[in-house]
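Commentary on secondary and tertiary structure
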Amino acid sequence: MSEPIKKEKNKDSMKNIIVVSLAVCFVCSIVVSSAAVFLKPQRLANKDLDRNRNILEAAGLYDKASGQQVNIAEQFEKFEIRLVDLQEKRVLSDLEASDLGIDPASYDQRKAAKDPEISKELETAEDIASISRRARYSTIYLLKDDSGDIEKVVLPLHGYGLWSILYGFIAVKGDMNTVSGITFYEHGETAGLGGEVDNPAWKGLWPGKSLYKGDEVGLRVIKGNANPANSNFDYQIDGLSGATLTSKGVENMVVYWMGDEGFGPILDDLRS
């Protein structure tokens with residue numbers, strides 16, 4: 001009597017394909033999740049390092065374009081990090097910040113702006129920077145000289161350009177009026193056009209410009225090039241060629257954040 005013929009298993013059956021696919025997906029998800037968990041401290045450290053580098057760059061203590069070697073952590077220690085209340089328009093003491101449960105060194109202003117409890121929804125008329133909501137609290141960075149006098153203040157700012165919200169820092173000298181520098185660390189503007197906000201040559205136009213003309217923010221990003229013979233030259237920044245809307249967005253951002261709803265009263269307080 002002949003033995004029954006055994007049917008060979010079809011390794012290419014739909015069932016096998018689904019099982020193998022699920023197994024591969026499961027293994028990959030484990031690998032990706034594990035990597036995300038283990039690398040989170042390094043990712044956060046890199047984020048802090050990038051923020052600190054941009055603060056130094058705005059303050060003129062780091063020139064990325066020159067390739068100079070700078071100990072970012074050591075340089076950043078020169079700054080005093082303070083929390084400010086944009087609603088009450090004043091700088092808070094360390095004790096007040098502690099009572100709020102906020103550590104200025106790790107405070108996330110972008111996250112806070114999404115929390116209705118500690119942010120303000122802006123009306124259309126006042127939202128010239130097109131940011132929708134403004135966090136009540138912000139951090140500022142003070143650089144003091146050996147006598148304890150404020151040498152520079154670095155302020156975070158953000159606003160809408162053409163395609164995206166631009167995030168950056170602006171540094172102001174101790175007179176609370178003269179720009180020391182500006183830098184942007186995140187945006188989605190068009191490379192070669194609005195993306196020229198990253199161009200060292202354009203950022204080099206900002207130092208020495210004046211923010212305030214009387215009681216109002218007078219600094220403007222104009223169309224074309226600023227003329228040194230013009231009486232408003234100290235308040236004018238050359239516009240970005242072919243990027244009118246990005247240029248206007250940067251101007252609106254500066255006007256908002258340096259104005260009464262932003263850091264204007266804080267700078268007045270520090271000046272006095």
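The structure contained in this document is the topic of the report that follows.

Conventions and cut-offs
- Residues numbered from 1 in each chain as written.
- Predicted model: local features only at pLDDT ≥ 70, side-chain atom pairs only at ≥ 80, totals over all residues.
- Heavy atoms only, no water.
- Pairing = 2+ DSSP bridges.
- Helix = DSSP H or I, 4+ residues; strand = E, 2+ residues; numbered from the N terminus.
- Contact = heavy atoms within 4.5 Å.
- Axes fitted to C-alpha atoms, helices over the stretch in contact; angles between N-to-C directions.
- Patch = residues over 30% accessible without salt bridge, like charges linked within 9 Å, V, L, I, M, F, W, Y side chains within 5 Å.
- Areas by Shrake-Rupley, 256 points an atom, 1.4 Å probe, with all protein chains shown as cover.
- Salt bridge = Lys/Arg side-chain N within 4 Å of Asp/Glu carboxyl O.
- Buried < 20%, exposed > 50% of the residue type's maximum accessible area, 1.4 Å probe, protein only.
- Core = buried A, V, L, I, M, F, W, Y, C linked by side-chain atoms within 4.5 Å.
- Phe/Tyr/Trp six-rings, centres within 6.5 Å; stacked < 30°, edge-to-face > 60°.
- Lys NZ or Arg CZ within 6 Å of the ring centre and 35° of its normal.
- Lys, Arg positive; Asp, Glu negative; His and termini not counted.
- Charge placed at Lys NZ, Arg CZ, Asp CG, Glu CD.

In sheet architecture, strand pairing relies on hydrogen bonds along the backbone and comes in two forms, parallel and antiparallel. Spatially, the 6 strands line up as an open sheet ordered E2-E1-E5-E6-E7-E8, and their pairing is antiparallel. Of all strands in the sheet, those bounded by a partner on one side alone are strand E2 (90–91) and strand E8 (179–186). With 4 bridges joining them, strand E5 (residues 137–144) and strand E6 (residues 150–160) adopt antiparallel strand pairing. Among the inter-strand pairings, Leu-142 is bridged to a residue of E6, identified as Val-153. With respect to the sheet, helix H6 (residues 244–257) is in contact with E6, strand E7 (165–173) and E8, its orientation differing from that of E6 by roughly 125 degrees.

A cluster of nonpolar side chains, contributed by Met-14, Ile-17, Ile-18 and Leu-22, occupies part of the molecular surface with about 410 Å² of accessible area. When you line up the elements, Met-14 lands in helix H1 (residues 14–58). On the basis of relative accessible area, Met-14 is assigned to the exposed category, the value being 58%.

Counting residues in hydrophobic clusters, the biggest one holds 39 residues, and the most contacted among them are Trp-206 and Met-258. Of all the secondary structure elements, the ones that give two or more residues to this core are E5, E6, E7, E8, H6 and helix H7 (264–271). Residues within four places of Met-258 in sequence aside, it is in contact with Leu-155, Ile-170, Leu-211, Tyr-212, Val-217, Phe-263, Gly-264 and Leu-267. One finds Tyr-62, Phe-79, Tyr-141 and Leu-143 within the second-largest nonpolar core, a separate group that totals 13 residues.

Glancing now at H7. What H7 keeps buried is the set Gly-264, Pro-265, Ile-266 and Leu-267. Next to the buried residues of H7 lie strand E1 (79–85), E2, E5, E6, strand E9 (212–213) and H6.

Within the secondary structure layout, Pro-207 lies in the loop between helix H5 (200–203) and E9. A relative accessible area of 42% means that Pro-207 is categorised as partly exposed. When the C-alpha atoms of Pro-207 and Ala-59 are compared, they prove to be 9.6 Å apart, with 148 residues separating the residues in sequence. In this structure Pro-207 touches Val-179, Ser-180 and Gly-181, once residues within four positions along its chain are discounted.

A separate point is the pattern of salt bridges. Evaluation of the coordinates by the stated rule reveals 18 salt bridges. A salt bridge links Arg-53 to Asp-50; its shortest N-O distance comes to 2.7 Å. Of this pair, Arg-53 and Asp-50 both sit in helix H1, 3 residues apart, which is roughly one turn of that helix. Salt-bridge contacts for Glu-121 lead to Arg-133; the nearest nitrogen and oxygen are separated by 4.0 Å. Of this pair, Glu-121 sits in strand E3 (residues 119–121) while Arg-133 sits in strand E4 (residues 133–135), and the two are 12 residues apart along the sequence.

Below, the discussion takes up unusual backbone geometry. Residue Lys-89 is not a glycine yet carries a positive backbone phi of 60 degrees. As for its position among the elements, Lys-89 is in the loop between E1 and E2. The class for Lys-89 is partly exposed, based on a relative accessible area of 28%. One non-glycine residue with positive phi stands out, namely Ser-132, at about 70 degrees. Summarising the element assignment, Ser-132 is placed in the loop between E3 and E4. Residue classification places Ser-132 among the partly exposed residues on the basis of a relative accessible area of 45%.

Let us now look at the packing of aromatic side chains. Two numbers describe a pair of aromatic rings. These are the distance of the centres and the angle of the planes. Counted by the stated rule, this structure contains 8 aromatic pairs. Here the aromatic residues Phe-76, Phe-79, Tyr-141, Tyr-167, Phe-169 and Tyr-185 are joined through ring pairs into a cluster of three or more. Over the aromatic face of Phe-233 sits the side chain of Lys-209, whose NZ or CZ is 3.6 Å from the ring centroid. The ring of Tyr-235 carries Lys-213 above its face, with NZ or CZ at 5.2 Å from the centroid.

Glancing now at the environment of Gly-159. As for its placement among the helices and strands, Gly-159 is situated in strand E6. Remark: the alpha-carbon pair of Gly-159 and Thr-246, spanning 87 residues in sequence, is separated by 9.9 Å.

Our next topic: a negative patch on the surface. Negative charge collects at one region of the surface, where Asp-145, Asp-146, Asp-149 and Glu-151 lie side by side. Position of Asp-145 relative to the elements: it lies in the loop between E5 and E6. For Asp-145, a relative accessible area of 31% translates into the label partly exposed.

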